[in-house]
Amino acid sequence: DAEVKKDMSLSFKDKVILCLDASSLISGGKKAKDGIKKIAKEYHTKILLDNVEMQNLAQVIGYHADYVRLDARFIDKSDENYTQVFKFIKDYLKAQNSKLVVKNVKDDAQKFYFINNGADVVEGNGVYTPKKLISSIAKDYKIK
């Protein structure tokens, strides 16, 4: 039943994040944009736009994403131009009240590079090795 699902999602109070591929979403046009905004409003969910590296920044603006996720594999931390663009994107997203997420961080050097340059969230093997069992995660964090 749709109402039961809506009630369940509302009980999470903004803790549900819809992760959407930017390319697919943008190709869906205005209908997709309006639909996502409606779902986010009705169900009190957050929106994460993923894979925005190849998109026109102006196209991403209208989605009012809570999070925008970039892929670390496309950023060369040894090139100052990448650092400047990364900082620009961070400042731009901050002005939009969005958080900057970086995925596929492979090691500590990358992790600290992105954190020191303003990333709000970093993900990948360099942050925490993926685990298949909840018990192993709980053990790592000493959760009983």
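Here the structure is a predicted model, which means the values were calculated and not measured.

Remarks on the side chain of S98
Reasoning step 1: Within the secondary structure, S98 sits in the loop between α5 (80-95) and β4 (99-103).
Reasoning step 2: On the basis of relative accessibility, which here comes to 7%, the residue S98 falls in the buried class.
Reasoning step 3: Of note is the side chain of S98, whose polar atom sits 2.4 Å from the backbone oxygen of A65.

Quick look at empty space enclosed by the protein
Reasoning step 1: Here the structure, examined in full by the defined rule, presents 1 cavity of 30 Å³ or more.
Reasoning step 2: Its volume calculated, the largest cavity comes out at about 70 Å³.
Reasoning step 3: Taken together, V60, I61, H64, A65, V68, Y92, L93, Q96 and S98 form the lining of the largest cavity.
Reasoning step 4: Elements supplying a minimum of two residues to the lining of the largest cavity: α4 (57-61) and α5.
Reasoning step 5: Classifying every residue of the lining of the largest cavity gives 6 nonpolar, 3 polar and no charged.

Quick look at the packing of aromatic side chains
Each aromatic ring pair is summarised here by two numbers: the centre-to-centre distance and the angle between the ring planes.
Reasoning step 1: With the rule as written, the count across this model stands at 4 aromatic pairs.
Reasoning step 2: Ring geometry for F88 versus Y92: centroids 6.4 Å apart, planes at 20°, classification stacked. Of this pair, F88 and Y92 both sit in helix α5, 4 residues apart, which is roughly one turn of the helix.
Reasoning step 3: For Y92, a relative accessible area of 16% gives the class buried.
Reasoning step 4: Pairing Y113 with F114 gives two aromatic rings, centres 5.0 Å apart and planes at 75°, and the pair type is edge-to-face. With respect to burial, Y113 and F114 carry one shared label: buried.

Quick notes on the rules
- Residues numbered from 1 in each chain as written.
- Predicted model: local features only at pLDDT ≥ 70, side-chain atom pairs only at ≥ 80, totals over all residues.
- Heavy atoms only, no water.
- Helix = DSSP H or I, 4+ residues; strand = E, 2+ residues; numbered from the N terminus.
- Buried < 20%, exposed > 50% of the residue type's maximum accessible area, 1.4 Å probe, protein only.
- Polar contact = N/O pair within 3.5 Å; in protein donor to acceptor, adjacent residues only side chain to side chain.
- 1 Å grid on protein atoms, 1.4 Å probe; cavity = no way out; pocket = protein on both sides within 12 Å on 5 of 7 lines; lining within 4 Å.
- Points joined across faces, edges and corners; volume = space filled by probe spheres on them.
- Nonpolar A, V, L, I, M, F, W, Y, C, P; charged D, E, K, R; others polar.
- Phe/Tyr/Trp six-rings, centres within 6.5 Å; stacked < 30°, edge-to-face > 60°.

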